[in-house]
Amino acid sequence: MGQVIEGDYTQDGSVDLKGRPVLRSKTGKWRACFFILGYEMFERLAIVGVQANLVLYLTRELHEGTVRASNSVTNWIGTMWLTPLLGAYIADSYLGRYWTSVIASSIILLGMILLTLAVSLQSLRPPSCSNQKLLKEENCPKASFFQVGMFYLSLYIIAIGNGGTRSNISTMGADQFDVFESKEKTQKLSFFNWWMSSILVGVLFSSTFLVYIQDNVGWSLGYGIPTVGLGFSVLILLFGTKFYRLKLPMGSPLTKMGMVLVASIRKWRVDLPNDPKDLYELSLEDYGNNNVKIIRLDHTPSLRFLDKAAVKTGSTSPWMLSTVTQVEETKQMIKMIPILIVSFIPNTIVAQLLTLFIKQGTTLDRNLGPHFQIPPACLIVLVTISFLVSLVAYDRLFVPIVRRYTKNPRGITMLQRMGIGFAIHVIVMVVATLTERKRLGVARSKGALGKTDIVPLSIFVLLPQFALMGVGDTFMEPSQMEFYYDQAPESMKSLGSSLFCLSKGVGFFLSSFLLSIVSEITKKNESSGGWVLDNLNVSRMDYYYAFLAVLAFLNFILFVFFAKLFVYNSDHHHHHQVNT
């Protein structure tokens, strides 16, 4: 560690890039947050600029069918959400959050450059299909294996890089606030709301301007602009380096949890002592470590089987003996698993936003005046606007009013907020079912049954389901991020944040699985040919939406059950703070 300078240091062990303890500063943390939020805004602009219109690129340029294109999108986005588990492991074990984020952001930039080249260079992009909107798909020349491979290679390079930033940038932002200072701890409560706001500013630009460019000017410029924006975001991240409070890598929490689980299993026949004080634990002095304030956790009666890991048997191997604190940290992570599981279905509902909802828009009347057509993916802006408006109303109106009665600084608990979001997503699918039924009714009555026929119904009929999705996300997204971060022990914050990513990733992969299964089963059993076909005008997507609505409702009931059983850490833990 570098030379220690006299002064008032942060108490959570923060260091600068040179490994020196960080002096407490009134403005330093806000400057750091400014650069971190600025980076995230431009990174989201780039990635959403790709994913918002991706399903249309796959169907129009690569000529993939509805189900295959939708699954390609959800599989890619699912991968984008799962790779943060690897990013968190690398940061916690080896590089730390800062260097992992810097390297990963450079990988994303490489992927974006390759993607732009893949849609720009004649040798890499798919052959053009003259008058594609009027010709049948089989009359269009197919892209070569190499061209398709380059496109998907670029996408998955972006996904790999995203894993390093997604799990670490938000946590690095939260790290700027010292949890041992009551004022800073309070200031951090609104951080995730502002975090989502910065993301949505990028999303707002992507789902309007960029989507229009891609639809009406070309994919080269449509992908080139976000590539330049991403390069700018990497510079923003680097410019803020001198202001960041950083945490040194302390080893992977997955390894620590694995040690507890292995030790518990290996000692499953060992009896637990009557007095928990007889379990193995380090003294307060043993926890001392270079100006770092450490939290030692008291024993709790939950998940008693794991306590066997802390039973003294003579062996001091870390795979045979764990401290009570290690056991309690593992308990805190494991007890979030039921909440994690019931968050998969709501994220499957979100996946429809970037696939089937947009495909619906391509079948409707998109004219806005005689010379302008609304790009289908522009409907995502309704989600963004709805989210931003309801987020500000929630933070500035709802929370202050409710706080007076609940005495909770958050207004309502994290799980209550999450549950409201889950319930709204059920309503979204009910509304989507009714809207799709109306669209199909108009298509039949007007004879618009061809694959490229436009149903004489305004695209704005989809406005309610998109707007409601934004309101639901106001409750669901920030609360999920905050819940997994807040309820994770101090030494496992990155892993806690990556659970949010895991929830999203599994939800998107589950969307691919359900769509494939339902499509195959209904093709065999439906005389019309199935619920989800390439020709949406003769599909029964209303049945599929109704199926998702029922699934989301049953999942919500299960969530309420698990939420009632969940005990927050602050309600039952007494932390020993060790300052050395």
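Predicted model only: the values in this text are computed from it and were never measured.

Enquirer: Got a sec to walk through the overall build of the chain? Specific residues and values, please.
Expert: Helix and strand content of the chain: 20 helices and four strands. Each of the 580 residues in the chain was classed as buried or not, and the buried ones make up 57%. Pairs at least 24 apart in sequence give 81% of the contacts found in the chain among residues at least 6 apart. Accessible surface, the chain: about 24,700 Å² in total, of which carbon and sulfur atoms supply 64%.

Enquirer: So, the pairing of strand β3 (residues 455–458): which residues are in play, and what are the values?
Expert: Side chains V455 and L457 of β3 all project onto a buried face; the interleaved residues P456 and S458 project onto a face where none is buried. One ladder, built from two bridges, connects strand β2 (residues 364–365) with β3; its direction is parallel. Opposite L364, over in β3, you have V455 as the bridge partner.

Enquirer: Let's hear about the nonpolar core: which residues, and what values?
Expert: Grouped together as the largest cluster of nonpolar side chains are 133 residues, with contacts concentrated most on F151, F483 and Y544. No other element matches the eleven residues that helix α16 (residues 414–445) contributes to this core. Other than its neighbours up to four places away in sequence, Y544 contacts Q352, L356, S511, L514, L515, V518, W531 and V532. In terms of nonpolar packing, the next biggest core, distinct from the first, is built from nine residues, A263, A310, V311 and V324 among them.

Enquirer: Tell me what's going on with the pattern of salt bridges, and back it up with residues and numbers.
Expert: The final tally for this structure, using the stated rule, is 13 salt bridges. Put simply, R410 and E482 hold a salt bridge, and the shortest N to O gap is 2.6 Å. Taken together, the residues R410 in the loop between α15 (380–406) and α16 and E482 in helix α17 (residues 463–487) connect sequence positions 72 residues apart. Take R410: its relative accessible area is 22%, and that puts it in the partly exposed class. For E482, a relative accessible area of 7% gives the class buried. Put simply, E477 and K504 hold a salt bridge, and the shortest N to O gap is 3.0 Å. Of the two residues, E477 sits in helix α17 while K504 sits in helix α18 (residues 493–525), which places them 27 residues apart along the sequence. The burial state of E477 is the same as that of K504; both residues are buried. Here the residues in one salt-bridge network are E40, E43 and R44, joined through shared partners.

Enquirer: Account for a nonpolar patch on the surface, with residues named and values stated.
Expert: Together, L17, L86, Y89, Y94, L95, W99, I103, I107, I160 and L254 make up a nonpolar patch on the protein surface, roughly 950 Å² of accessible area in all. The element contributing the most residues to the nonpolar patch is helix α4 (residues 84–118), with seven residues. Along the polypeptide, L17 turns up in the segment before α1 (28–51).

Enquirer: Quick rundown of the environment of L306? Include the residues and the values.
Expert: Positionally, L306 belongs in the loop between β1 (294–297) and α11 (324–334). As for L306 and S322, which are separated by 16 residues in sequence, their C-alpha atoms are 9.8 Å apart.

Enquirer: Describe the confidence of the model for the chain, listing the residues and the values that go with them.
Expert: Looking at the chain as a whole, the pLDDT averages 85, with 87% of positions reaching at least 70. The least confident element of the chain, judged by mean pLDDT, is strand β4 (residues 575–578) at 48; the most confident is helix α19 (residues 541–565) at 96. Segment residues 571–580 is flagged for pLDDT under 50; beyond a separation of four residues in sequence, or across chains, it makes 33 contacts in the model.

Enquirer: Break down the environment of V518 for me, citing the residues and quoting the values.
Expert: Counting through the fold element by element, V518 comes out in helix α18. Here the alpha-carbon distance between V518 and V532, two residues 14 residues apart in the chain, equals 8.2 Å. Those residues within four positions of V518 in sequence are excluded, and the remaining contacts are W531, Y544 and F547.

Enquirer: So, the side chain of N569: which residues are in play, and what are the values?
Expert: Within the secondary structure layout, N569 lies in helix α20 (residues 569–572). Under the relative-accessibility criterion, N569 is labelled buried at 8%. Only 2.7 Å separates the side chain of N569 from the side chain of K335, close enough to count as a polar contact.

Enquirer: So what's going on with the packing of aromatic side chains? Residues and values would help.
Expert: On inspection of all chains with the given rule, the structure shows 25 aromatic pairs. Here W531 and Y543 contribute two aromatic rings whose centre-to-centre distance is 5.6 Å and whose plane-to-plane angle is 70°, an arrangement assigned as edge-to-face. Of the two residues, W531 sits in the loop between α18 and α19 while Y543 sits in helix α19, which places them twelve residues apart along the sequence. On the basis of relative accessible area, W531 is assigned to the buried category, the value being 18%. Residue Y543 is classed as partly exposed on the basis of its relative accessible area, which comes to 31%. With 5.6 Å between their ring centres and 55° between their planes, F561 and F562 make a pair best called tilted. One aromatic cluster is present, formed by Y57, F151, Y152, W219 and Y223 through successive ring pairs. Sitting above the plane of the F566 ring, K335 keeps its charged end 5.0 Å from the centroid. Over the ring of Y543 we find R540; its NZ or CZ atom is 4.2 Å from the centre of that ring.

Enquirer: Tell me about the environment of S93, and please be specific about residues and values.
Expert: With respect to the helices and strands, the residue S93 is situated in helix α4. Along the chain, S93 and G251 lie 158 residues apart, while their C-alpha atoms are 4.1 Å from each other. Those residues in contact with S93 that lie beyond four places of it in its chain are P249, G251 and S252.

Conventions adopted
- Residues numbered from 1 in each chain as written.
- Predicted model: local features only at pLDDT ≥ 70, side-chain atom pairs only at ≥ 80, totals over all residues.
- Heavy atoms only, no water.
- Helix = DSSP H or I, 4+ residues; strand = E, 2+ residues; numbered from the N terminus.
- Buried < 20%, exposed > 50% of the residue type's maximum accessible area, 1.4 Å probe, protein only.
- Contact = heavy atoms within 4.5 Å.
- Areas by Shrake-Rupley, 256 points an atom, 1.4 Å probe, with all protein chains shown as cover.
- Pairing = 2+ DSSP bridges.
- Core = buried A, V, L, I, M, F, W, Y, C linked by side-chain atoms within 4.5 Å.
- Salt bridge = Lys/Arg side-chain N within 4 Å of Asp/Glu carboxyl O.
- Patch = residues over 30% accessible without salt bridge, like charges linked within 9 Å, V, L, I, M, F, W, Y side chains within 5 Å.
- pLDDT = per-residue confidence, 0-100.
- Polar contact = N/O pair within 3.5 Å; in protein donor to acceptor, adjacent residues only side chain to side chain.
- Phe/Tyr/Trp six-rings, centres within 6.5 Å; stacked < 30°, edge-to-face > 60°.
- Lys NZ or Arg CZ within 6 Å of the ring centre and 35° of its normal.

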